[in-house]
Amino acid sequence: MDILYSIFVDPFMQMGSAPDLLVQTLWEGFVGGILYALIALGFVLIFKASGVFNFAQGIMVVFAALTLVGLYEKGVPAFLALAITIGVMFVLAYAIERVVLRPLVNQPDIILFMATFGLTYLLIGLGEAIFGGNPKVMIAEQLYLPKGAIDLKILGGVVTLQKIDIAAAIIALVMIGALSLFFQYTRIGRALRAVADSHKAALSVGISLNQIWVIVWFIAGVVALITGIMWGARSDVSFALQVVALKALPVLILGGFTSVPGAIVGGLIIGIGEKIGEFYWGPLVGGATESWLAYCIALVFLMFRPQGLFGERIIERI
Amino acid sequence: MFYREAGQFKTSYAADMAIFPILQDRIGLAVILAIAFIAIPLFGSNFLIQTVMIPFLVFALAAIGLNILTGYTGLISLGSGAFMGVGAYACYKLTTIFPGVNIIVWILASGFFAAAIGVVFGLPSLRIKGFYLTVATLAAQFFLQWSFVRIPWLYNYNASGAIEVPQRLLAGIPVTGANATPVTRYLVLLSIVILLTWIASNLVHGRIGRSWMAVRDMDIAAELMGIRLLPAKLLSFAVSSFYCGVAGACMMFLWYGGGEANDAFNINQSFTILFMVIIGGLGSIIGSYFGAAFISILPTALKFGLPAMGIALSGPVAEHLNYIILGVLILFFLIVEPHGLARLWQVGKQKLRVWPFPY
């Protein structure tokens, strides 16, 4: 009885008695979720357009952030460094398309998946060799990102909101809005959607797959850069971020591989779910549940919807 | 030239369907076994055995395990590192609770515990497919890794939280623990690996293996042909985890000799084994050996080979270079031969057979 009580009653009592803590936990989950969603967004873009499950997205985040900070440390002005980093991401996208994707066209998914693994190793090695393996501090101030915190007095308590988190949420929303407008109303965006629907049909109406892939990998690179800046501003820029990027996998699965809104909703569910779970139920099992809770949440959802919340229905024919 | 099958006539169906139908292959296999069992223990240095051969064999075993699941049944798993951990902890618990029983029995028995856990985490595989399934196995990886740290009963409430390998004897000779020589550990490991390879080979060439391959190629079609999906998939999970578990127990007891298991069985270990399977060749037992050799020996070769060639590198630079070279080689091999080293091996054999003609 005791154990049932501490599972089903106690946490809710806690939530009711200290609503400010609940709001704080929700907010932290929300911000974490936004950042997961940003990483997942990069995955979704590439998966939609080229059918590649891009494992290297996580390391692209680290690589972009490292390039930015590394350039700044070499004495390049902050915004010039930003521009150069975007250039670097373009070169990277072009090189990946040329060297990796083109020879592997039409191979099974798992081979392409493994190729992005190779890419991950390559980028880890390159990043560490060029910029060193030590954690770096993101140049948040130089990019005019806000600092400090706001204390909200609500519900008889104090909720602390970091300004950088608010900025991250706004930037993420703006970016998602911009991306959906881009997909909906521009020529390239339409071509991207066509490729996502069917490679063959897109080719037959004269869309160049190679070009589209470069563009998509480039956009994913820019998304990675923004994610890297946001995440780097909250903690240090280091290769540990790569492990965090693995969290994007359950997010992706939850939302469905091919859905941009799915990535966002999935990110929020995972982010909030794992924070709430850790804060209210974590102590029952000894804490540190964040390392696996996200995967279990995704697993439970998958049992009921195997294609994810917003994924296209999987139809199998023989 | 010498690799010809001319004159070797098959007089029975069994001879025709043999795994090594060509006499030269059988001679080659015998030579390899002789080298492994006699030449290496006699002439190999401790360094060769401890740093090259033992890791190679442990990883080969784990790669065979994952290959059964991923290569033969088509279910991608990123939890093999954790299943190895289950094997290691099971073996540790068993040998400390029942110290009188032979350690080799416990190493093999620990595989069954890993198999049981594998079946539990394999249950979603009936509904979830492809990359979605990888998340289920990632859940296994992270949850088990967390349990290894959080459940002190598993490591006998040691203050260090690590597995401490006790000394165990086999016919009066120490097999595990600090006093066991590399040669003894190598021979025990080699015997286990060869026994399990033989079993795996028989499994995948028989009815069970064929049902796995049917499931891999298309599970709905396989179901229509009368293969029961759930037993086939769960058996694959069980056998695969069994192999991984034994590999994990071997890793702790015959290679590391104890240590912080959370480091040894983390997510990177799972990735490494998946690499081996893919680089070696999906759905190929010999490919698992090639992949294990490639991935486990390459870092050692780079670490000790480059300075020997006169390229002196400091620690961190060598580490980075290691990553870069590994990444480039993975990409290179995937682009040159997406079906793995096993396919290259087959192509090479075919070329030898028809040499000097192109076909």
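Because the structure is a prediction, the values reported are computed rather than measured.

> Could you clarify how one ought to interpret helix 5 (residues 103-122) of chain B in this entry?
For an α-helix, the turn length of 3.6 residues means that residues three or four places apart are oriented alike. Residues and elements named next belong to chain B. Here helix 5 contains 20 residues, and its C-alpha end-to-end distance of 28 Å stays within 8% of the 28 Å for a straight helix at 1.5 Å per residue. The set of residues buried in helix 5 consists of I103, W106, I107, A109, S110, G111, A114, A115, G118, F121 and G122. Contacts made by the buried residues of helix 5 are with helix 4 (80-97), helix 6 (131-150), strand 1 (168-170), strand 2 (173-176), helix 7 (182-205) and helix 10 (229-256). The N-cap of helix 5, judged by a side-chain oxygen 3.0 Å from the amide nitrogen of I104 a few residues on, is N102.

> Help me out: how do you make sense of the packing of helix 4 (residues 57-73) of chain A against helix 5 (residues 78-101) of chain A in this one?
The relative placement of two packed helices comes down to the angle between their axes together with the axis-to-axis distance. Residue and element names in this part refer to chain A. Orientation of helix 4 relative to helix 5, taken along the N-to-C sense of each, is 140°, at an axis distance of 9 Å. Classified by the interaxial angle, the pair formed by helix 4 and helix 5 is oblique. Judged by the sense of rotation from one axis to the other, the crossing of helix 4 with helix 5 is right-handed. Together, M60, F63, A64, T67, L68, L71 and Y72 of helix 4 and A78, A81, L82, I84, T85, V88, M89 and L92 of helix 5 make up the contact between the two elements. Considered class by class, the residues forming the contact of helix 4 with helix 5 number 13 nonpolar, two polar and no charged.

> Explain a nonpolar patch on the surface here, please?
Residues and elements named next belong to chain B. Residues I19, F20, L29, L33, F37, I38, L42 and F43 make up a contiguous nonpolar surface patch of roughly 760 Å² in combined accessible area. Summarising the element assignment, F43 is placed in helix 2 (residues 23-43). Take F43: its relative accessible area is 69%, and that puts it in the exposed class.

> Looking at this model, I keep getting lost on the state of the cysteines. Mind explaining?
Here the structure, examined in full by the defined rule, presents zero disulfides over all chains. The thiol of C91 of chain B is not disulfide-bonded; the next cysteine sulfur, from C250 of chain B, is found 8.1 Å away.

> Explanation requested: the confidence of the model for chain A in the structure shown.
When pLDDT drops low, the exact placement of atoms in the prediction is not to be read closely. Per-residue confidence for chain A gives a mean pLDDT of 80; residues scoring 70 or more make up 92%. By mean pLDDT, strand 1 (residues 149-154) of chain A is the weakest element of chain A at 69, and helix 5 of chain A is the strongest at 88.

> Could you clarify how one ought to interpret the layout of surface pockets in this entry?
A water-sized probe rolled over the atoms picks out the places where empty space is left. Estimates place the volume of the second largest pocket at around 1,200 Å³. As for the second largest pocket, its lining consists of 40 residues, of which Y121 of chain A together with T272, P299, Y323 and L326 of chain B are closest to the centre. Of all elements in the fold, only helix 6 (109-131) and helix 11 (241-245) of chain A together with helix 3 (46-72), helix 10, helix 12 (267-280), helix 13 (285-308) and helix 14 (315-336) of chain B reach the threshold of two or more residues within the lining of the second largest pocket. Taken together, the residues of the lining of the second largest pocket break down into 25 nonpolar, eleven polar and four charged.

> Please clarify how the environment of F112 of chain B should be interpreted in this entry.
Turning to its location among the elements, F112 of chain B is positioned in helix 5. Along the primary structure F112 of chain B and V246 of chain B are separated by 134 residues, whereas in three dimensions their C-alpha atoms are 8.6 Å apart.

> Please explain the packing of aromatic side chains as it appears in this structure.
Any pair of aromatic rings gets described here by the distance separating the centres and the angle formed by the planes. Evaluated as defined, the whole model comprises 24 aromatic pairs over all chains. Between F117 of chain A and F275 of chain B, the ring centres sit 5.2 Å apart and the planes meet at 80°, which makes this aromatic pair edge-to-face. Pair noted here: F117 of chain A is in helix 6 and F275 of chain B is in helix 12, and the two residues belong to different chains. Taken together, F43, F53, F55, F113, F117 and Y121 of chain A together with F271 and F275 of chain B form an aromatic cluster joined through their ring pairs. Sitting above the plane of the W153 of chain B ring, K93 of chain B keeps its charged end 4.2 Å from the centroid.

> Hey, could you run me through the side chain of Q141 of chain B in this one?
All names here are of chain B. Relative to the elements of secondary structure, Q141 occurs in helix 6. Within the structure, the side chain of Q141 is placed 3.2 Å from the backbone nitrogen of A82, a separation counted as a polar contact. With residues near it in sequence (within four places) discarded, Q141 still touches L78, G79, S80, G81, A82, F265, N266, I267 and S270.

> Explain the interface of chain A and chain B here, please?
Interface size, as often reported, equals the accessible area lost upon joining of the parts. Contacts between the two partners involve 50 residues from chain A, matched on the other side by 39 residues from chain B. Seen at the junction of chain A and chain B, the total is zero salt bridges. Remark: the boundary between chain A and chain B carries zero residue pairs in polar contact (both at pLDDT 80 or more). Per-element accounting of the side of chain A that touches chain B gives the leading share, 16 residues, to helix 6 of chain A.

Here is what the cut-offs are and how they apply
Residues numbered from 1 in each chain as written. Chains lettered and ligands numbered in written order. Predicted model: local features only at pLDDT ≥ 70, side-chain atom pairs only at ≥ 80, totals over all residues. Heavy atoms only, no water. Helix = DSSP H or I, 4+ residues; strand = E, 2+ residues; numbered from the N terminus. Expected span 1.5 Å × (residues − 1). Buried < 20%, exposed > 50% of the residue type's maximum accessible area, 1.4 Å probe, protein only. Contact = heavy atoms within 4.5 Å. Polar contact = N/O pair within 3.5 Å; in protein donor to acceptor, adjacent residues only side chain to side chain. Axes fitted to C-alpha atoms, helices over the stretch in contact; angles between N-to-C directions. Parallel < 35°, antiparallel > 145°, perpendicular 65-115°, else oblique. Left-handed = near helix turned anticlockwise from the far one by under 90°. Nonpolar A, V, L, I, M, F, W, Y, C, P; charged D, E, K, R; others polar. Patch = residues over 30% accessible without salt bridge, like charges linked within 9 Å, V, L, I, M, F, W, Y side chains within 5 Å. Areas by Shrake-Rupley, 256 points an atom, 1.4 Å probe, with all protein chains shown as cover. Salt bridge = Lys/Arg side-chain N within 4 Å of Asp/Glu carboxyl O. Disulfide = S-S within 2.5 Å. pLDDT = per-residue confidence, 0-100. 1 Å grid on protein atoms, 1.4 Å probe; cavity = no way out; pocket = protein on both sides within 12 Å on 5 of 7 lines; lining within 4 Å. Points joined across faces, edges and corners; volume = space filled by probe spheres on them. Phe/Tyr/Trp six-rings, centres within 6.5 Å; stacked < 30°, edge-to-face > 60°. Lys NZ or Arg CZ within 6 Å of the ring centre and 35° of its normal.

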